[in-house]
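Coordinate inspection notes
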Amino acid sequence: ARFEATLARLHGRAVSKKESHALLFIDLDRFKIVNDTCGHAAGDQLLRQVSRMLSRTVRSRDMLARLGGDEFAIVLEHCDVERAGEIAQEICDLMDEYRFQHEDERFRIGTSIGLVMVEASWPDTETIFRAADSSCYAAKESGRNRVHVWCETDHAVHERRSQTKWA
């Protein structure tokens, strides 16, 4: 709820004050393998470790939230697309280097990130969030452990993702 309220507040400021913020939608790659192979306790341990890593990459004024499962989101306040892209790439690089150790097994966990700018042109936060989810899906489809920045031509990707979810 706090995450949604923060996103709504920043969208409102983007509309009224022409500010620019960014939303990162983060999905862990290969999390299910750890959960299925080692059990939910190991998956929970992995999520705690990833949460700590993510919290070290954001500024104190930013909002990090776990959305559920292996999905996280970060709202970067007063952040342009270049800086947001750098932060997102830093997260991808950290996750690419990270290895989760459970007993005698090591797992490589990557991340796919959708980046959307929170600007006045969006009608509401739900649309922003869906665009970020679609961008994340595009990052996964293009090879995982990468960042996909939403652009207006991504509307087709968004529509396809919506149709897939509906089906």
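This section reports on the structure supplied with the text. (Residues numbered from 1 in each chain as written. Predicted model: local features only at pLDDT ≥ 70, side-chain atom pairs only at ≥ 80, totals over all residues. Heavy atoms only, no water.)

**Here we look at the overall build of the protein**
Going by this rule: Secondary structure follows DSSP: runs of H or I at least 4 residues long count as helices, runs of E at least 2 residues long count as strands, and numbering of each begins at the N terminus. We compute the radius of gyration from the C-alpha atoms alone; for a globule the expected value is 2.2 Å times N to the 0.38, where N is the number of residues. Throughout this description, buried means an accessible area under 20% of the type-specific maximum (1.4 Å probe, protein chains only), exposed means over 50%, and partly exposed covers the range between. In this description, contact between two residues means that some pair of their heavy atoms is separated by no more than 4.5 Å.
Secondary structure assignment for the protein yields six helices and seven strands. N-terminal to C-terminal, the α/β element order of the protein is α-β-α-α-β-β-α-β-β-β-α-β-α. A compact globule built from 167 residues should have a C-alpha radius of gyration of about 15 Å, and the protein, at 16 Å, falls within 12% of that. The dimensions of the protein, computed from C-alpha atoms along their principal axes, are 55 × 40 × 30 Å. Within the span of the protein, comprising 167 residues, buried residues form 47% of the whole. Long-range pairs, those at least 24 residues apart, make up 66% of the contacts in the protein with a sequence separation of at least 6.

**Concerning the pattern of salt bridges**
Rules: What makes a salt bridge here is a side-chain nitrogen of Lys or Arg within 4 Å of a carboxyl oxygen of Asp or Glu, nothing more.
Inspection of every chain in the model, using the stated rule, returns ten salt bridges. Residue lysine 140 is joined to aspartate 27 by a salt bridge in which the shortest nitrogen-to-oxygen separation is 2.7 Å. Within this pair, whereas lysine 140 is found in helix H5 (residues 125–141), its partner aspartate 27 is found in strand E1 (residues 21–29), the two being separated by 113 residues in sequence. The salt bridge involving aspartate 29 is made with arginine 144; its shortest N-O contact spans 3.5 Å. Here arginine 144 lies in the loop between H5 and strand E7 (147–149) and aspartate 29 lies in strand E1, a separation of 115 residues in the sequence. Arginine 144 gets classed as partly exposed once you look at its relative accessible area, which sits at 36%.

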